[in-house]
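Structure assessment
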Amino acid sequence: MKRAALFVIFLLTMFVATSAASAALLMPPATFDFDSLRPGDNSAAISTYMTDIYGAGVGVTGWSVDVEGSWLQPGLLGGFQDRYVESDSYNQHQIVLSFAVPIISVQFDWATSVDAFNAYADGALFFNKDFSWSLAREGNSGLITFLSPVSVLMFTDNGLGAIGIDNLTVNAAAVPEPATLLLLGMGLVGLAGWRRRK
């Protein structure tokens, strides 16, 4: 009975230590305002900039993705006065961000030069603005929290005009650190040793 009580105390200690170590590894929110980039910088430069701020790899792809200096109608709603990321190709407008460490929430400024702006997380639509007439629009998404971590964000429209994103803030999902995994492994070895003695 005494050994069982010690074993339960050991397991509780391992659980508390593992939880504390995991909580300590939450990455702080990362905000990308793109203001340090130059107009015309391509997706590779944007990816390097975002990776440096995020602390983990961020891939940037899409159709004619680059940095622009001011929106088509700057100041329409007060945003997009400085640098932002834009997709402005002839057929398709798409900005795709791939995060090496998945994210659990996002907030961003958005703009479209025509009638729609859509955002997808791992292929599922999570933000949609449709308008009945063609007119440049912009706004802020507000904080959006996902039910499970996502790795890919895609911003697009109905293919008729340019789209832009700015002031993107993401929160990374917790990543287990080596010390946490070591504590868990020690707990499992202790459990195996205890079972073997019996």
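Every value quoted in this text rests on a predicted model; they were computed, and no experiment measured them.

This paragraph deals with helix α2 (residues 43–54). Each turn of an α-helix holds 3.6 residues, which means side chains three or four residues apart point in the same direction. With 12 residues, α2 extends 16 Å between its outermost C-alpha atoms, agreeing within 8% with the 16 Å of an ideal straight helix rising 1.5 Å per residue. All of the buried residues along α2 are Ile 46, Ser 47, Tyr 49, Met 50 and Tyr 54. Looking down the long axis of α2, one finds its buried residues gathered within 165° of arc, a one-sided arrangement. Looking at the buried residues of α2, the elements they touch are β1 (30–32), β2 (58–62), β3 (65–68), β4 (84–87), β5 (94–112) and β10 (163–172). Downstream of α2 by a residue or two, Gly 55 has a phi angle that is positive, lying close to 90°.

With that settled, consider the confidence of the model for the protein. Residues with a pLDDT of 70 or more make up 67% of the protein, whose mean pLDDT is 80. Ignoring residues within four places in sequence, the model shows residues 20–24, a span with pLDDT below 50, making three contacts including any to other chains. Ignoring residues within four places in sequence, the model shows residues 73–78, a span with pLDDT below 50, making 10 contacts including any to other chains.

Take the environment of Gly 164 next. When you line up the elements, Gly 164 lands in strand β10. Note on Gly 164: relative accessible area 0%, which makes it buried. As a C-alpha pair, Gly 164 and Thr 112 span 52 residues in sequence and 6.4 Å in three-dimensional space.

The alternating pattern of β4 places Tyr 84 and Glu 86 on one face and Val 85 and Ser 87 on the opposite face, and all of these are buried. Sheet topology note: the β3/β4 ladder contains four bridges and is antiparallel. Bridge assignment links Glu 68 to a residue of β4, and that residue is Tyr 84. Bridge analysis of β4 against β10 gives three bridges, and the strand direction is antiparallel. The residue of β10 that forms the bridge with Glu 86 is Gly 164.

For the structure on display, the rule yields 13 aromatic pairs. Aromatic pair Tyr 54 and Phe 99: ring centres 5.3 Å apart, planes at 70°, arrangement edge-to-face. Here Tyr 54, found in helix α2, pairs with Phe 99, found in strand β5; they are 45 residues apart in sequence, far enough to count as distant. Across this residue pair, the class does not change: Tyr 54 and Phe 99 are buried. Residues Phe 108 and Phe 155 carry aromatic rings whose centres are separated by 5.1 Å and whose planes lie at 70° to one another, so their mutual orientation is edge-to-face. With Phe 108 in strand β5 and Phe 155 in strand β9 (residues 144–156), the pair connects residues that are 47 residues apart, well separated along the chain. Here Phe 108 and Phe 155 have matching classes, each one buried. Grouping aromatic residues by their ring pairs yields a cluster made of Phe 108, Trp 110, Phe 117, Phe 126, Phe 127, Phe 146 and Phe 155.

Reading the values: the criteria
- Residues numbered from 1 in each chain as written.
- Predicted model: local features only at pLDDT ≥ 70, side-chain atom pairs only at ≥ 80, totals over all residues.
- Heavy atoms only, no water.
- Helix = DSSP H or I, 4+ residues; strand = E, 2+ residues; numbered from the N terminus.
- Expected span 1.5 Å × (residues − 1).
- Buried < 20%, exposed > 50% of the residue type's maximum accessible area, 1.4 Å probe, protein only.
- Arc of directions from axis to C-beta.
- Contact = heavy atoms within 4.5 Å.
- pLDDT = per-residue confidence, 0-100.
- Pairing = 2+ DSSP bridges.
- Phe/Tyr/Trp six-rings, centres within 6.5 Å; stacked < 30°, edge-to-face > 60°.

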